[in-house]
Amino acid sequence: AAKADGRGTHRFYHEDMLEGARHRKALEDDLRGALARGEFHVVYQPVVATRDASVVGFEALVRWEHPIRGAVSPGEFIPIAEESGLIESIGEWVLRTAAADAAGWPGDVRVAVNVSPIQFANSQLPTIVASALANSGLPAHRLELEITEGVFLNESASSDAMFSSLKRLGVRLALDDFGTGYSSLGYLRKAPFDKIKIDQSFVRGAAVTGNRNAAIIQAIVTLATTLGMETTAEGVEIQDEIGLIAGLGCSHIQGYVYGRPMPAEAAAEMAAEGKASPSGVRVSRAPRL
Ligand code: C2E
Ligand code: MG
Ligand code: MG
Ligand code: MG
């Protein structure tokens, strides 16, 4: 049957691709006016110190509420925003919104904002960041910019200059999703990161005996610590994983176990409380969805 279906399969595959392209185009068209129509909002996920469960900051994550489709995940629309160039304006809006929200949080609680490689390649980025800080009154050291290794793909003198300009502003830099992609150690030598965020794919199952992920996390933490960088384990969902992550020397934890991304008001309350407590599943062999 497989052979007989060969042509049909090919035809359906082609139609799927056309359908996919149409869907993408439709989303892109809708994305174009979404900012002006107020369809975006920002939610905040707590980042917790492994040592004492204090809330040290929040990661700002953009949400798009499509008038017809409902919530569209950033995993789906960010790539479209990047290809169409719309990420420049969306990213700037997220930055300004997050800085304004975080300015009202107590103490030294930080906010982390994702910066797309497209934004990073724009020489205006330091000016935009400086303006967001000035308008919000947020001190530079309380802003962390999360960058993926995508910024190194067209490695050039200008990316070195960009790192220096951003550091000169006094903001913090984090390398996001570390361990996925190429993860060249050369990136760590060259760029002035304050933190490495260990991708959730390594945290998944790290508590299961014999899992290699724990060894990989341990190696990344040793490297980062030696280089004077903090480490955040991303995607920690299960209470048992907290002890394991702590044992591996990770300085920070971010994941559903300490809180899902939440509206600004809830984040402000949690920031004021100052401590996080774990919730949810306790066993390491819980089924994962
Ligand atoms: P990211 O920067 O690595 O953000 C972490 C993602 O992991 C978020 O997904 C968060 O909700 C999810 N997450 C956190 N803890 C857990 C957990 O315990 N379990 C599971 N299963 N997931 C967890 P989200 O919000 O869907 O964002 C996905 C990606 O979209 C982000 O990955 C980031 O690359 C991108 N993104 C989100 N907001 C922005 C933005 O404002 N600008 C840019 N350029 N990219 C953004
Ligand atoms: Mg991130
Ligand atoms: Mg990440
Ligand atoms: Mg990610």
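None of these values were measured; they are calculated from a predicted model.

S.K.: Teacher, can you tell me more about the overall build of the chain here?
M.R.: Broken down by element type, the chain carries 11 helices and nine strands. Here the C-alpha atoms of the chain give a radius of gyration of 20 Å, agreeing with the 19 Å that 2.2 N^0.38 yields for 289 residues. The principal-axis extents of the C-alpha atoms in the chain amount to approximately 60 × 50 × 40 Å. For the chain, the share of sequence-separated contacts (at least 6 apart) that also reach a separation of at least 24 residues comes to 68%. Summed over all atoms, the accessible surface of the chain reaches about 14,300 Å², with 55% contributed by carbon and sulfur.

S.K.: Where do I start with the pattern of salt bridges in this structure?
M.R.: Two side chains with opposite charge may pair up if their charged atoms get near one another. Under the counting rule described, the total for this entry stands at 14 salt bridges. Note that Arg32 and Glu28 form a salt bridge whose closest N and O atoms lie 2.6 Å from each other. Of this pair, Arg32 and Glu28 both sit in helix α1 (residues 6–34), four residues apart, roughly one helical turn. In this structure, a network of salt bridges that share partners links the residues Arg110, Glu144, Arg172, Lys195 and Glu230.

S.K.: What's the story with the coordination of the magnesium ion (ligand 2) in this structure? I'm lost.
M.R.: Those protein atoms acting as donors to the magnesium ion (ligand 2) are Glu59 (OE), Asn114 (OD1), Glu146 (OE) and Asp176 (OD), and they sit at 2.0 to 2.2 Å. Positions of the donor residues of the magnesium ion (ligand 2), expressed as sequence spacing, correspond to E-x54-N-x31-E-x29-D. For the pair the magnesium ion (ligand 2) and the magnesium ion (ligand 3), the metal-to-metal distance amounts to 3.9 Å, and Asp176 bridges them. Of this pair, Glu59 sits in strand β2 (residues 55–66) while Asn114 sits in strand β4 (residues 110–115); the two residues are 55 residues apart in sequence, bridging distant segments of the chain. Judged by its relative accessible area of 29%, Asn114 falls in the partly exposed class.

S.K.: Quick question: what am I supposed to make of empty space enclosed by the protein here?
M.R.: Empty space among the atoms becomes apparent when a probe as large as a water molecule is rolled across them. The tally for this structure, following the rule as stated, stands at one cavity of 30 Å³ or more. Roughly 60 Å³ of volume is contained in the largest cavity. Lining the largest cavity are Val47, Val56, Gly57, Phe58, Glu59, Arg110, Val111, Ala112, Glu144 and Lys195. Sorting the residues of the lining of the largest cavity by element identifies β2 and β4 as the ones contributing at least two each. The element contributing the most residues to the lining of the largest cavity is β2, with four residues.

S.K.: For this particular structure, what's the right way to read unusual backbone geometry?
M.R.: Across the chain, the bulk of peptide bonds are trans and the bulk of non-glycine residues have phi less than zero. Of note, Ala53 is a non-glycine position whose phi angle comes to about 60°, a positive value. Even without a glycine there, the phi angle at Asp177 is positive, about 55°. Position of Asp177 among the secondary structure elements: in strand β6 (residues 172–178).

S.K.: What exactly am I supposed to notice about the site of ligand 1 here?
M.R.: The local shell around ligand 1 holds 23 residues, among which Arg63, Asn114, Gln200, Glu237 and Tyr256 are the closest. Here Gln45 contributes a side-chain N or O atom positioned 3.0 Å from a nitrogen atom of ligand 1. Expressed as a share of its isolated accessible area of 810 Å², the protein-covered part of ligand 1 is 82%. The cavity that encloses ligand 1 is the largest pocket. Every element with two or more residues in the shell around ligand 1 is listed here: β2, α2 (74–84), α3 (87–103) and β6. For the shell around ligand 1, the leading source of residues is β2, giving four residues. For the shell around ligand 1, the per-class residue count stands at nine nonpolar, six polar and eight charged.

S.K.: Teacher, can you tell me more about the pairing of strand β1 (residues 40–49) here?
M.R.: Every other side chain in a regular strand lies on the same face of the sheet, so the side chains alternate between the two faces. Within β1, nine of the 10 residues are buried, which leaves it mostly tucked inside the rest of the structure. Following β1, the chain reverses through five residues before pairing antiparallel with β2; Ala53 in that reversal takes a positive phi of roughly 60°. By the bridge criterion, two bridges tie β1 to strand β9 (residues 252–254) in an arrangement that is antiparallel. Within the sheet, the bridge partner assigned to Val48 lies in β9 and is Ile253.

Rules of the game
- The residue numbers shown here count from 1 along each chain, following its written sequence.
- Whichever chain is written first is A, and whichever ligand is written first is 1; the rest continue in order.
- In view of the model being predicted, local features appear only for residues whose pLDDT reaches at least 70, and side-chain atom pairs are presented and counted only at 80 or more, with totals across whole chains, interfaces and linings using the full set of residues.
- Side-chain measures were taken over the full set of non-hydrogen atoms in the model, leaving aside hydrogen atoms and water.
- Secondary structure elements follow DSSP: runs of H or I no shorter than four residues count as helices, runs of E no shorter than two count as strands, and numbering proceeds from the N terminus.
- Radius of gyration here uses only the C-alpha atoms, and the compact-globule reference equals 2.2 Å multiplied by the residue count raised to the power 0.38.
- Two residues qualify as a contact provided that any one of their heavy atoms is within 4.5 Å of a heavy atom in the partner residue.
- Here the Shrake-Rupley method, with its probe set to 1.4 Å, supplies the accessible areas, and only the displayed protein chains count as covering residues.
- A side-chain nitrogen of Lys or Arg and a carboxyl oxygen of Asp or Glu constitute a salt bridge if their distance falls within 4 Å.
- Distances decide who is a donor: an N, O or S atom must be within 2.8 Å of the metal, or within 3.2 Å for Na, K and Ca. Water is not included, so sites may look incomplete.
- Burial classes follow relative accessibility: with a 1.4 Å probe on protein chains only, a residue under 20% of its type's maximum area counts as buried, one over 50% as exposed, and anything between as partly exposed.
- With a 1 Å grid spanning the protein atoms alone, the term cavity applies to any set of points in which a 1.4 Å probe fits but cannot get out, the term pocket to an open set with protein on both sides within 12 Å along at least five of seven lines, and the term lining residue to any residue with an atom within 4 Å of a point.
- Grid points are joined across faces, edges and corners, and a volume is the space filled by probe spheres set on the points.
- Proximity criterion: a residue is near a molecule or strand once any of its heavy atoms comes within 4 Å of it.
- Pairs of N or O atoms within 3.5 Å make up the polar contacts considered here, provided that, within protein, one atom can donate a hydrogen while the other can accept it, and that residues adjacent in sequence are counted only when both atoms are side-chain atoms.
- Criterion for pocket placement: a molecule counts as inside a cavity or pocket if more than half of its atoms are within 2 Å of its grid points.
- Gly falls in the polar group here, along with every residue not listed as nonpolar (Ala, Val, Leu, Ile, Met, Phe, Trp, Tyr, Cys, Pro) or charged (Asp, Glu, Lys, Arg).
- The pairing criterion is simple: DSSP has to find at least two bridges between the two strands.

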